[in-house]
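Below are the chains, spelled out letter by letter.
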Amino acid sequence: MAYINNEIITVDAVLTKKGRELLAANGGLNIKSYALADDEIDYRLYQPNHPQGSAYYDLAIRNTPVFEAFTDETQLLKYKLVTLPSGVTSIPVISLGQSAIYVDKDYKGEVVIVPSTNPVYNTTLGYTAILSNKSAGTIIGEQLQNVTTATIPTFIGDVSSTTAQVSLGLRFRFVPNSALTQTLSATLTVIGNESGGSVTIPVSVNVKGTTSS
Amino acid sequence: MIFKQFDSTDIVAGRTQPVSTGLWSDGESVWSSFYTSSRQTQQSSSLFEPLNGLYYTNVYDAPTGSSSSDIYFSIAYGHYAGSGSSAFDVNSSQGSLLFPTKVIYNQYRNLLLSPGDDKFTFATSSLSGSVTNADDIYAISFRNAKYKDKLDPGQFEMTLSGSGVGGIATSVTIIDDSRDNPDTGVQSGGKRYNLLQGTLVSGSLATRNYQGIGLMYPDLGIIILNAKKVHELIGKVDGYSLYWNTASEWGTNFSRMSNVLFTAINKGAALSSMKARITEYVPARHFFVRVKNQEYNYSNNPTFVISDNDNPSNSQDIGKLRFTDFYTNPKVYITTVGLYNDNNDLVAVAKLSQPLLKDFTNECLVRIKIDV
């Protein structure tokens, strides 16, 4: 007879830079929700044909050392776990109508980005679009009603964070910056606010006769 | 769904948790060598400023030139009438007539004694009310940053060493009487314990055998010693009396009474380390993350699915779960829990010590503690 495992895992949390900033400004953190992630895990190490049997299938994964917590919130929880119905065979994949955006700075039309998720997802909370360099232009979110939250950590680092533009919506419009004097490259990342998946495409606003900075 | 709201019962707030640790560097509870700054302890200079040891002597855990050196406590000598102030100070033609020993005695009296109580009194036997008054005291004040919220009663031990009587070195080891007298009353300086001879290992030499040695105020991190009684127990220290005996002992030197006790402490620590523990009350919040069996069984980790880089034989497999086993029984391994505010800002993060398996057949309960 063995003892029943009634273990509760207890861990200490570390405040992120954003958490410390809010604590200093507001005196509280106002924590409301949580998310889980498996950033360190490489599922390719799962060995369903391990010669010693099923107990060894995930041995390499279970022994993966885990990093200490960083305080930079933009580098944490990149790969979130998601709740999906049992039996699904694929993770919701976000796709855009285009694989890149290349426009001249004087382009007068609209570059419309319509994310979709397969299988269908993110229909309520929509998507978060992050233009890594707002000097390249403006990203405008549309069609999303009464959702003011759902900001997703941007994973683009402190330096980039100060230059990035974040927008929420079910579809987006990109308007290039006509005041540019030099061709500028950036990235556009679209993240599903329900599924957590993301897709990133390059953006380039072309100024004739110049090269990308 | 990637975010889940906490229920009101998942958050436990408003609790403080006592954290006990050793007083000294790196949480050590014993320390055997102490140091002072020569700038503060010189005995013949005419440099005259408070930091020059006029009122107190700071005691360090390492030589003051060392990068790890830090002040742990200060030693001050106080006299009811101002005796023991340096000859320089009381010289009416040159000095400033600051009477530092009187200042010290009075400030500790104001802090620790009730109004109208002019002198420190120390219990001299187990009999209630049997006390002795003291004209001169030593105050050992631990730095607030070091003793946090309190010195732990029953965890303090200090050995003092002197020349003894007849040149035979004598030492005395003292502890507080919290074991014999746990229900001590709360005085104007907070809880107060008597000091008596004994060791932490063996307890007091004799229960409540008070000899008027001193007092401990754990909530203030202060030890008050009866200077004359300590002198009776260990004798002179390097030729100097521990209480104000006669000015001739000091000759032309500044009188540095606090240095005398420092020497007794340092010599005593070489014989038996000074022992002390502290307690800090840390306000903490606990968040219970309850992951039910139906939740969080899939991952956005790019290695969880088949990608272009895997060169699948059938391009339609791209985006599918990497292993067919996972179609019916997906497995993920939790390494990180992120806590979000109502604006979905990631404000705190907790890491598990090792990946935690999660699938449709199990549930997880993770308790996360935040010290805020």
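Residues numbered from 1 in each chain as written. Chains lettered and ligands numbered in written order. Predicted model: local features only at pLDDT ≥ 70, side-chain atom pairs only at ≥ 80, totals over all residues. Heavy atoms only, no water.

K.L.:
Any chance you could explain the overall build of chain A here in plain terms?
P.N.:
Each helix and strand counted, chain A has three helices and 13 strands in total. Within chain A, contacts between residues at least 6 apart in sequence are counted, and of these 74% link residues at least 24 apart. Accessible area of chain A: about 10,900 Å², with a carbon and sulfur share of 52%. (Helix = DSSP H or I, 4+ residues; strand = E, 2+ residues; numbered from the N terminus. Contact = heavy atoms within 4.5 Å. Areas by Shrake-Rupley, 256 points an atom, 1.4 Å probe, with all protein chains shown as cover.)

K.L.:
What is the right way to read the nonpolar core from this model?
P.N.:
Ranked by internal contacts, the top residues of the largest apolar core, which has 53 residues, are Leu36(A), Val289(B), Tyr298(B), Phe304(B), Leu339(B), Ile368(B) and Ile370(B). No other element matches the seven residues that strand β22 (residues 346–359) of chain B contributes to this core. By size, the runner-up hydrophobic cluster in this structure holds 45 residues, among which are Phe156(B), Leu160(B), Tyr240(B) and Val260(B). (Core = buried A, V, L, I, M, F, W, Y, C linked by side-chain atoms within 4.5 Å. Buried < 20%, exposed > 50% of the residue type's maximum accessible area, 1.4 Å probe, protein only.)

K.L.:
What is the right way to look at the packing of aromatic side chains in this model?
P.N.:
A ring pair, where both rings are aromatic, is described by two values, the distance of the centres and the angle of the planes. Applying the stated criterion across every chain yields a total of 23 aromatic pairs over all chains. Where Tyr80(B) meets Tyr105(B), the ring centres are 5.8 Å apart and the plane angle is 80°; that geometry is what we call edge-to-face. Highlighted residues: Tyr80(B) in the loop between β5 (71–79) and α2 (87–90) and Tyr105(B) in helix α3 (residues 100–112), separated in sequence by 25 residues. Overall, Tyr105(B) belongs to the buried group, its relative accessible area being 0%. Aromatic pair Tyr298(B) and Phe360(B): ring centres 6.1 Å apart, planes at 70°, arrangement edge-to-face. Taken together, the residues Tyr298(B) in strand β20 (residues 298–299) and Phe360(B) in the loop between β22 and β23 (364–371) connect sequence positions 62 residues apart. A relative accessible area of 0% places Tyr298(B) in the buried class. Taken together, the aromatic side chains of Tyr43(A), Tyr46(A), Tyr57(A), Phe304(B), Phe323(B), Phe326(B) and Tyr333(B) make up a single cluster linked through ring pairs. Over the ring of Tyr80(B) we find Lys119(B); its NZ or CZ atom is 4.4 Å from the centre of that ring. (Phe/Tyr/Trp six-rings, centres within 6.5 Å; stacked < 30°, edge-to-face > 60°. Lys NZ or Arg CZ within 6 Å of the ring centre and 35° of its normal.)

K.L.:
Looking at this structure, I do not really get unusual backbone geometry. What am I missing?
P.N.:
For residues other than glycine, phi is negative in most cases, and the peptide bonds are mostly trans. Residues and elements named next belong to chain A. Asn 118 connects to Pro 119 through a cis peptide bond whose omega is -5°. Mapped onto the elements, Pro 119 comes out in the loop between β7 (116–118) and β8 (127–131). We note that Leu 77 has phi near 50°; this positive angle belongs to a residue other than glycine. Mapping Leu 77 onto the fold places it in the loop between α2 (59–62) and β3 (81–82). Assessed through its relative accessible area of 0%, Leu 77 is described here as buried.

K.L.:
Got a minute to help me understand the sheet that holds β8(A) in this structure?
P.N.:
All names here are of chain A. Here five strands make up an open sheet; going across it, the order is β5-β13-β12-β8-β10 and the pairing mixed. The strands lining the two open edges of the sheet, one partner per strand, are β5 (101–104) and β10 (165–169). On average, each strand axis in the sheet is inclined to that of its neighbour by 20°, with strand direction left out of account. The pairing of β5 with strand β13 (residues 198–206) spans four bridges and is parallel. Across the sheet, residue Tyr 102 finds its bridge partner in β13, namely Ser 204. (Pairing = 2+ DSSP bridges. Axes fitted to C-alpha atoms, helices over the stretch in contact; angles between N-to-C directions.)

K.L.:
What is the right way to read the layout of surface pockets from this model?
P.N.:
In this approach, a probe sized like a water molecule rolls over the atoms, and the result shows the empty space that is left. Its volume calculated, the largest pocket comes out at about 770 Å³. If you go around the largest pocket, you meet 31 residues; those closest to its centre are Tyr79(A), Ser198(A), Asn300(B), Asn301(B) and Pro302(B). Elements with a contribution of two residues or more to the lining of the largest pocket: β4 (93–95), β12 (184–192) and β13 of chain A. The element contributing the most residues to the lining of the largest pocket is β13(A), with three residues. (1 Å grid on protein atoms, 1.4 Å probe; cavity = no way out; pocket = protein on both sides within 12 Å on 5 of 7 lines; lining within 4 Å. Points joined across faces, edges and corners; volume = space filled by probe spheres on them.)

K.L.:
What is the right way to look at the pairing of strand β14 (residues 193–199) of chain B in this model?
P.N.:
Working note: regular strand, side chains alternate between the two faces of the sheet. Residue and element names in this part refer to chain B. Burial within β14 is extensive, with six of its seven residues counted as buried. Relative to β14, strand β11 (residues 170–176) is paired through three bridges, and the arrangement is antiparallel. Pairing of Ile 175 across the sheet is with Leu 196, part of β14. Pairing analysis gives three bridges linking β14 to strand β16 (residues 214–217), with the strands arranged antiparallel. Bridge assignment links Leu 195 to a residue of β16, and that residue is Gly 214. Sheet topology note: the β14/strand β15 (residues 203–204) ladder contains two bridges and is antiparallel. Residue pairing in the sheet places Gly 198 in a bridge with Ser 204 of β15. The antiparallel hairpin formed by β14 and β15 contains three residues in its connecting segment.

Shape is all these values report; function is a separate question.
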